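One-letter residues, chain by chain:
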Amino acid sequence: MAERKIDKMLGIRTTGMREWKDNNREYSRYEATPYKALEILTANYKFRGVNKVVDFGCGRGRVAFYLHNHFHLPVTGIEANSKTFEEALENKAAYRLKAKHIPAPIKFKYGLAQHYKIDKKDNCFYFFNPFTVKIFKKVANNILSSVEKDPRTVDLIIYYPLPEYKEFLRTTPFTIINKIMVPDATDSKEKIIIYRLRKDDIEADTEAETDACINY
Ligand SMILES: C[S@@+](CC[C@H](N)C(=O)[O-])C[C@H]1O[C@@H](n2cnc3c(N)ncnc32)[C@H](O)[C@@H]1O
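As the structure is a computational prediction, the values presented were derived from the model and not from experiment.

Conventions adopted
- In every chain, residue numbers begin from 1 and rise along the written sequence.
- In view of the model being predicted, local features appear only for residues whose pLDDT reaches at least 70, and side-chain atom pairs are presented and counted only at 80 or more, with totals across whole chains, interfaces and linings using the full set of residues.
- Note: side-chain values were computed over all heavy atoms of the structure, leaving out hydrogens and water.
- Neighbouring residues are identified by heavy atoms, a residue being near a molecule or strand if any of them is within 4 Å of it.
- Each polar contact in these results corresponds to two N or O atoms within 3.5 Å; when the atoms are within protein, one needs to be able to donate a hydrogen and the other to accept it, and residues that are neighboring in sequence are counted only if both atoms are side-chain atoms.
- Note on areas: these come from Shrake-Rupley sampling with a 1.4 Å probe, and a residue is covered only by the protein chains present in the view.
- Residues are grouped as follows: Ala, Val, Leu, Ile, Met, Phe, Trp, Tyr, Cys and Pro are nonpolar; Asp, Glu, Lys and Arg are charged; all remaining types, including Gly, are polar.
- Helix and strand labels come from DSSP, where a helix needs a run of H or I of at least four residues and a strand needs a run of E of at least two; each type is numbered from the N terminus.
- By definition in these notes, contact holds between two residues if any of their heavy atoms fall within 4.5 Å.
- For patch building, the residue pool is restricted to those with more than 30% relative accessible area and no salt bridge; the joining distance is 9 Å between like charges and 5 Å between nonpolar side chains (Val, Leu, Ile, Met, Phe, Trp, Tyr).
- For this analysis, a salt bridge means a side-chain nitrogen from Lys or Arg found within 4 Å of a carboxyl oxygen belonging to Asp or Glu.
- Counting rule for charge: Lys and Arg are taken as positive, Asp and Glu as negative, and neither His nor the chain ends is counted.
- Lysine's charge is taken at NZ, arginine's at CZ, aspartate's at CG and glutamate's at CD.
- Accessible area is worked out with a 1.4 Å probe on protein chains only. A residue is then buried under 20% of its type maximum, exposed over 50%, and partly exposed in between.
- The pairing test for Phe, Tyr and Trp rings, Trp by its six-membered ring, is centres within 6.5 Å, and the orientation test on the planes gives stacked under 30 degrees, edge-to-face over 60, and tilted for anything in between.

(A) Representation of the site of the ligand within the structure. By nearness alone, 26 residues border the ligand, and Thr33, Asp55, Gly57, Glu79 and Ala113 come closest of all. Gly57 places a main-chain nitrogen or oxygen 2.7 Å from a nitrogen atom of the ligand. Between the ligand and the protein, one listed contact pairs a nitrogen atom with a backbone N or O atom of Ala80 at 3.3 Å. For the ligand, the accessible surface in isolation is 600 Å², of which the surrounding protein chains cover 99%. Of the residues that constitute the shell around the ligand, the class distribution is 14 nonpolar, eight polar and four charged.

(B) The arrangement of the environment of Asp55 in detail. In this fold, Asp55 is placed in strand β3 (residues 53-56). As a C-alpha pair, Asp55 and Phe108 span 53 residues in sequence and 9.4 Å in three-dimensional space. Setting aside residues up to four positions removed in sequence, Asp55 forms contacts with Val63, Thr76, Gly77, Ile78 and Tyr126.

(C) Broad picture of a positive patch on the surface. Judged by side-chain charge, Lys107, Lys109, Lys117, Lys120, Lys121 and Lys149 come together as a positively charged surface patch. By the element assignment, Lys107 lies in strand β5 (residues 106-110).

(D) Local environment of helix α3 (residues 62-71). Among the ten residues that make up α3, seven are buried, leaving the element largely enclosed by the rest of the structure. Every buried residue of α3 is accounted for by Arg62, Val63, Ala64, Phe65, Tyr66, Leu67 and His68. Positioned one or two residues after α3, His72 has a phi angle of 55°, which is positive.

(E) Just the packing of aromatic side chains, in detail. By the definition in use, this model includes 16 aromatic pairs. Ring centres of Phe127 and Phe136 lie 5.0 Å apart, and the angle between their planes is 80°; this geometry places the pair in the edge-to-face category. An identical accessibility class is assigned to Phe127 and Phe136; each is buried. A centroid spacing of 6.0 Å and a plane angle of 90° characterise the contact between Phe136 and Phe168, whose relative ring orientation is edge-to-face. Taken as a pair, Phe136 in helix α5 (residues 133-149) and Phe168 in helix α6 (residues 163-169) lie far apart in primary sequence, 32 residues in all. Residues Phe136 and Phe168 agree in their burial class; the two are buried.

(F) Just the pattern of salt bridges, in detail. This structure, assessed with the given rule, holds nine salt bridges. The partner of Arg29 in a salt bridge is Glu31, and the shortest N-O contact between them spans 3.2 Å. Here Asp155 makes a salt bridge to Arg196, at a shortest N to O gap of 2.7 Å. Taken as a pair, Asp155 in strand β7 (residues 154-159) and Arg196 in strand β9 (residues 191-197) lie far apart in primary sequence, 41 residues in all. Take Asp155: its relative accessible area is 4%, and that puts it in the buried class. A relative accessible area of 22% means that Arg196 is categorised as partly exposed. Each member of the salt-bridge network shares a partner with another, and the members are Arg18, Arg60 and Glu87.

Written out as structure tokens, the structure reads:
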């Protein structure tokens with residue numbers, strides 16, 4: 001189904017792009033995840049055990065509204081561009097008129113993803129190429145610190161994964177649990193990789209560190 005048609009069904013406007021005015025090289029421009037990618041994601045990944053989804057660099061909120069509508073999940077979007085953030089809020093007002101029956105909250109926060117304080121309920125994190133790997137590392141480290149403090153299983157959903165992101169994630173305790181190809185893709189990056197860090201692995205790591213302290 002065409003992008004505008006699904007937008008209309010949800011009561012939102014998320015098509016188009018927005019470049020950063022100062023040609024910011026660290027932050028990517030706005031462009032929504034194509035609906036065909038969200039369709040294949042939700043057909044293959046059922047968000048079981050997910051308490052809250054955070055979309056880092058949420059733009060006009062397409063991913064947040066789509067997942068909220070499909071799974072009735074709490075979602076939070078973080079956006080650093082003030083104009084784009086305002087558009088996400090306008091979309092929320094219009095979407096809420098159509099989705100009165102879904103009690104789960106949708107929240108948008110204006111600010112930098114790397115400054116977002118991870119909540120202990122957050123356990124699924126979405127990224128569509130929002131920023132450079134330098135910033136991605138900061139966000140991933142914030143997630144890792146949060147799960148060390150409040151152990152829980154967490155997933156990272158990465159659409160259009162950049163090689164630098166994949167390289168960095170190989171150095172972390174996250175492991176790949178699924179790779180989903182987008183149908184009719186013309187570009188090899190048009191896929192979704194889902195990484196997981198299991199609660200048991202966090203606890204096992206902490207125990208290993210404690211043992212090491214006793215032994216030496
Ligand atoms: C490629 S768009 C993805 C939009 C949305 N996640 C989606 O998939 O439909 C990336 C978004 O990240 C935002 N962004 C870039 N750097 C950011 C940062 N440091 N913190 C928060 N948002 C950021 C951009 O303004 C843009 O709206």
